[in-house]
Amino acid sequence: MSLNHVTLDDKYDLTKSRIFVTGYQALVRMALIQHERDKRAGLNTAGYVTGYRGSPLGGLDYQFQRAAHHLAPRNVLFQPAINEDLAATALWGSQQAELRGEGKYDGVFGIWYGKGPGVDRSGDAFRHANFAGTSKHGGVLALMGDDHTAESSTTAHQSEFNFVDVMIPVLNPAGVQEIIDYGLYGWAMSRFTGTWVGLKCIHETVESTAVVDGSLERLGILLPDPDEFTMPAGGLNIRLGDTVLGMEARLHDHKRDAMLAFVRVNKLNKVITSGGRNPKIGVITTGKSYLDVRQALDELGIDEVRANDWGLRIHKIACSWPISRQELQEFAQGLELIIVVEEKRDFLETMMRDILFRHPRAPRIVGKSHEDGSMLFSRFGELDVDSVTRGLAQRLGTVHGITSAGAWIDGPGPDVVGDFGCIADKPKPSDINNFTDTGKERPLDAVEGFLVDVGPGAGLVQGLPQERPSLPCFLDFLPLSEAFEPEQLHLEQELGKMRLKPTGPHSQTVRHSKSQDEIGGRHKIQVIKTLPIKQVAEKK
């Protein structure tokens, strides 16, 4: 078998289709592809990239600077700005380049980038620029860098609400491939609708790497026909001598409908499973949460075939605003319940409730909370795969009786819930690692004292009741005590040596009882769930 010849420059070589890139590099590649697509369409365009760096887009400027020798021959200029709102204002100006017939190019396609605080401070510039509109051969993408967990920010951010307020449509990619795809769709959408287009960027997408299809022919982007959208007199793009109220009326009366028509004709939002002959439950999700849903369903033993057997309809939203009333009504048709899975605040969920409120036989909608108001998916922090799996297991298994989801809740192995002694009555000098100089127990050594080597034929749990003395077990998860968070990395490394693993980074691992209670000199540790030893290899 012959091997492909691969170089580091492949990622920006447009003759190569299968490339390995990061999310940042995908954005650079996207600009190169746009210029080449324009060239093949007979257009002489240029690109302008400007903004202010900040996590999760902190490395974007570095990648554009490194790729300068690839960008310059294609008329793409990268120019970091003093701040985010000046960058937005400069891009507003770039859409006026050919208005008086004096421009050097047929149009300038632009990229604005900034993190959450930059979106906040740029609201006025966004509003004016989006009201004015974009060039028919230009277009602007606004990369909103949302740090959902405030890893390197003073506050956590969710920028969709800011963009809706100024009526900028929002595309939400799930991974690196969709960064390129949605970016190209976004420029075409921006040109057709005369609006800016937002592209949501988070750590899990732009800081990921993937092998993607970067071919020029990958996408066949369509524009709505006259019977799908009636273009008003004068069109939708930026123009000279426009009035403020004329801009506002055009945005509400025509541009929003143009956005919906573009999304519909290109089938950006997709039904993943139909729900079979008797659909009952719908799951609607967007962006990274879509991948979390797919992994969660896999954990629950629900593939696409079983989803249809159980009447489970799954809808993946690419454009999270605006959403078509007709599309949502078609999705909801025949359903008893819709589960909305999205990160942070209830963005999609609120729109769905508003759209379906007066719809006859509208299904129940749950998302951030159950019907009784108790929490289903968190409105703050990170919504990870574990949280999605637990939430879907509750609804699909406990409430709606899907057996594989219910089995996940019950656990594939015997449940052992209780307190068991795990450390000798009195510490010996050799047990010094079991205690810090303040006398607090270290969780790692509690686990080592609690579980023996989990190897073939082993797996005895010290301290178990005598009637179950030889239970083979795999420690699945325990919440990590706040007192031991600094020990997270060390703890995970040691668990790996014992062929154990936490179910997710940061949020779930092993802990001692936080109360540090002592009973008869013996310390407590709680086992939440165990799995049979035969499943350890499958998990690890």
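The preceding data block contains the structure.
Per chain, residue numbering runs from 1 following the sequence as it is written. Thresholds applied to this predicted model are a pLDDT of at least 70 for local features of residues and 80 or more for the giving and counting of side-chain atom pairs; totals over whole chains, interfaces and linings are not thresholded and use all residues. The side-chain values count all of the structure's non-hydrogen atoms but skip hydrogen atoms and water molecules.

A. Spatial organisation of unusual backbone geometry. The step from S55 to P56 runs through a cis peptide bond, and the omega angle for that step is 10°. Helix and strand labels come from DSSP, where a helix needs a run of H or I of at least four residues and a strand needs a run of E of at least two; each type is numbered from the N terminus. When you line up the elements, P56 lands in the loop between β2 (45-51) and α2 (60-66). At the junction of W321 and P322, the peptide bond is cis and its omega measures out at -5° in the coordinates. Looking at the secondary structure, you find P322 in the loop between β12 (319-321) and α13 (325-332). Its identity is not glycine, yet K344 carries a phi of approximately 60°, on the positive side. Here K344 lies in the loop between β13 (337-341) and α14 (347-356). The backbone of R361 sits at a positive phi, close to 60°, despite the residue not being glycine. Locating R361 in the fold gives a position in the loop between α14 and β14 (364-366).

B. Quick peek at the sheet that holds β14. Here a strand pair is declared whenever DSSP counts at least two bridges between the two strands. Within the open sheet, the five strands sit side by side as β9-β11-β10-β13-β14. Their pairing is mixed. Here the strands that pair on one side only, and so sit at the sheet edges, are β9 (270-274) and β14. Pairs of neighbouring strands in the sheet enclose a mean axial angle of 20°, with direction left out of account. Of the strand pairs in this sheet, β9 and strand β11 (residues 312-317) are connected by four bridges, and their pairing is antiparallel. Residue pairing in the sheet places K270 in a bridge with K316 of β11. Inter-axis angles, ranging from 0 to 180 degrees, are taken between N-to-C directions of lines fitted to C-alpha atoms, where helices are fitted over the stretch in contact.

C. How the structure looks around the nonpolar core. We define a nonpolar core as any set of buried Ala, Val, Leu, Ile, Met, Phe, Trp, Tyr and Cys residues linked to one another through side-chain atoms lying within 4.5 Å. Buried means the residue's accessible area, taken with a 1.4 Å probe over protein chains only, is under 20% of the maximum for its type, while exposed means over 50%, and partly exposed covers the values in between. Among the nonpolar cores identified, the biggest contains 74 residues, and F64, L143, W187, I284, I338 and M352 are the most heavily contacted of them. It is helix α8 (residues 176-193) that contributes the most residues to this core, 10 residues altogether. Contact definition: two residues touch when any of their heavy atoms are within 4.5 Å. Those residues in contact with I284 that sit more than four places away from it in its chain are H315, I317, L328, F331, I338, I339, V340, V341 and M352. In this structure, V293, A307, L312 and L396 belong to the second largest nonpolar core, which totals 23 residues.

D. Structural detail: empty space enclosed by the protein. Only protein atoms enter the 1 Å grid used here. Points where a 1.4 Å probe fits but cannot escape make up a cavity, open sets with protein on both sides within 12 Å along at least five of seven lines make up a pocket, and a residue lines them when an atom lies within 4 Å of a point. Grid points are joined across faces, edges and corners, and a volume is the space filled by probe spheres set on the points. One pass over the structure, following the stated rule, counts three cavities of 30 Å³ or more. Here the largest cavity defines a volume of roughly 110 Å³. Taken together, 15 residues form the lining of the largest cavity, with E160, N172, K200, T286 and E343 sitting closest to its centre. Of all the secondary structure elements, the ones that give two or more residues to the lining of the largest cavity are α11 (288-299) and α14. Among the residues making up the lining of the largest cavity, the classes are represented as three nonpolar, seven polar and five charged. Amino acids are sorted into nonpolar (Ala, Val, Leu, Ile, Met, Phe, Trp, Tyr, Cys and Pro), charged (Asp, Glu, Lys and Arg) and polar (every other residue, Gly among them).

E. The arrangement of the environment of D9 in detail. Here D9 is to be found in the segment before β1 (18-22). On a C-alpha basis, the gap between D9 and I19 in space is 9.6 Å, while along the polypeptide they are 10 residues apart.

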